[in-house]
Every structure is written in structure tokens, then in C-alpha cells.
Amino acid sequence: KFLSMTQRFKMIASAYLFLVADGKILLSRRFHTGYEDGNYSVPAGHVEDGETLIECLIREAKEEIGIEIEKKDVSLVHVMHRKEMDIRVDFFFTIKNWKGTPKNCEPQKCDELAWFSFGSLPTNTVGYIALAIESWQRAEMYTERGF
């Protein structure tokens with residue numbers, strides 16, 4: 001079926017940061033967001049109009065955990081196409097270097113920021129986030145979920 005430009009199907013794109021230090025990954029516990037509250041995720045956000053995925057990642061890292069990232073230090077490590085309430089494409093990145101010490105800059109949305117070993121992620125990690133971390137650790141570049 002042909003759809004006009006105003007009817008064209010749209011997907012939501014988001015950028016996620018797998019911040020790793022000393023063999024551990026930084027997770028944040030969601031708080032008063034209305035989505036997966038009480039469960040662990042990673043710094044992330046939706047891409048805004050006119051913004052690239054990496055620009056989104058850099059902006060969200062600064063807003064959520066107060067670190068500065070340079071584009072040259074960013075590497076794409078996993079992509080997930082998923083269907084939940086809507087359809088999304090999630091891009092997961094790691095970084096080689098950053099400036100600053102990660103801290104909780106959004107206490108109204110996050111009530112804990114902590115480092116976890118890959119072998120002992122919290123059982124209350126958001127499902128698709130845990131899947132993305134596990135897939136990345138297996139060097140799988142792409143997964144689908146919920147279809």
C-alpha cells in the first residue's frame with residue numbers, strides 16, 4: 001500500500017553508551033521516568049531532529065553522567081531492531097576515552113549509578129539492555145526483539 005509522506009511509517013532511533021572501566025560496565029537505575037523504573041539501564045537517549053547518532057550519544061553522556069566524549073573515540077558495537085509499544089532501532093556504542101568522572105547528573109530520573117562486572121549484571125537490568133550487552137559480549141553486531 002502506498003503511503004504519502006505524512007503517513008509514512010516512522011521508527012524511533014536511540015543511542016546508548018556502554019561505558020566500561022576496569023572490566024566493569026556503568027549502569028544507572030531508572031527512577032520516576034514512567035518506564036522500567038527500578039531497573040538498570042545505561043546512559044541513553046532519543047535522537048533529536050537535526051542530530052546525528054554520535055551527537056546524541058555525546059549530548060546524553062554529558063547530560064546524564066557529566067562526561068565529555070570526542071567523536072573520534074566512539075565505536076558502534078551493536079544494533080537492535082525491536083518492537084515493544086512502538087518500533088525502534090537502538091544503536092549501542094562504546095568509547096575509548098572520556099573526560100570527567102561519571103556521576104549522576106539527573107537524580108530526578110536515576111537513583112543509582114554503579115559499576116557491574118559483565119558476569120554479574122543485576123537481575124533487574126532492563127531486558128533489552130541485558131540482551132544488547134550479552135550480544136555485544138558475543139560479538140554479535142545485530143539483534144531483533146519483539147517481532
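Every chain is numbered independently, its residues counted from 1 as its sequence is written. Local features in a predicted model are, by the rule used here, given only for residues with pLDDT of at least 70; side-chain atom pairs are given and counted only at 80 or more, and totals for whole chains, interfaces and linings are based on all residues. In computing side-chain properties, one takes all heavy atoms of the structure into account and sets aside hydrogens as well as water.

## Considering the pairing of strand β7 (residues 87-95)
Each residue gets one of three labels from its accessible area relative to the maximum for its type: buried under 20%, exposed over 50%, partly exposed in between, using a 1.4 Å probe on protein chains only. Runs of E in the DSSP output that reach at least two residues are strands. Runs of H or I that reach at least four are helices, and both are numbered from the N terminus. Burial analysis of β7 places eight of its nine residues in the buried class, which makes it a mostly covered element. Both strand β1 (residues 12-18) and β7 contribute to a ladder of seven bridges, which runs parallel. Within β7, the residue paired with L17 across the bridge is F93. Strand pairing is assigned whenever DSSP detects at least two bridges linking the two strands. With nine bridges connecting them, strand β6 (residues 74-83) and β7 associate as antiparallel partners. In the sheet register, K83 faces β7, and the bridge partner there is I87.

## Describing the side chain of T94
As for its placement among the helices and strands, T94 is situated in strand β7. When checking whether two residues touch, look at their non-hydrogen atoms; a contact exists if any pair is within 4.5 Å. Once residues lying within four places of it in the same chain are set aside, the contact partners of T94 are L17, F18, D73, V74, S75, V77 and W136.

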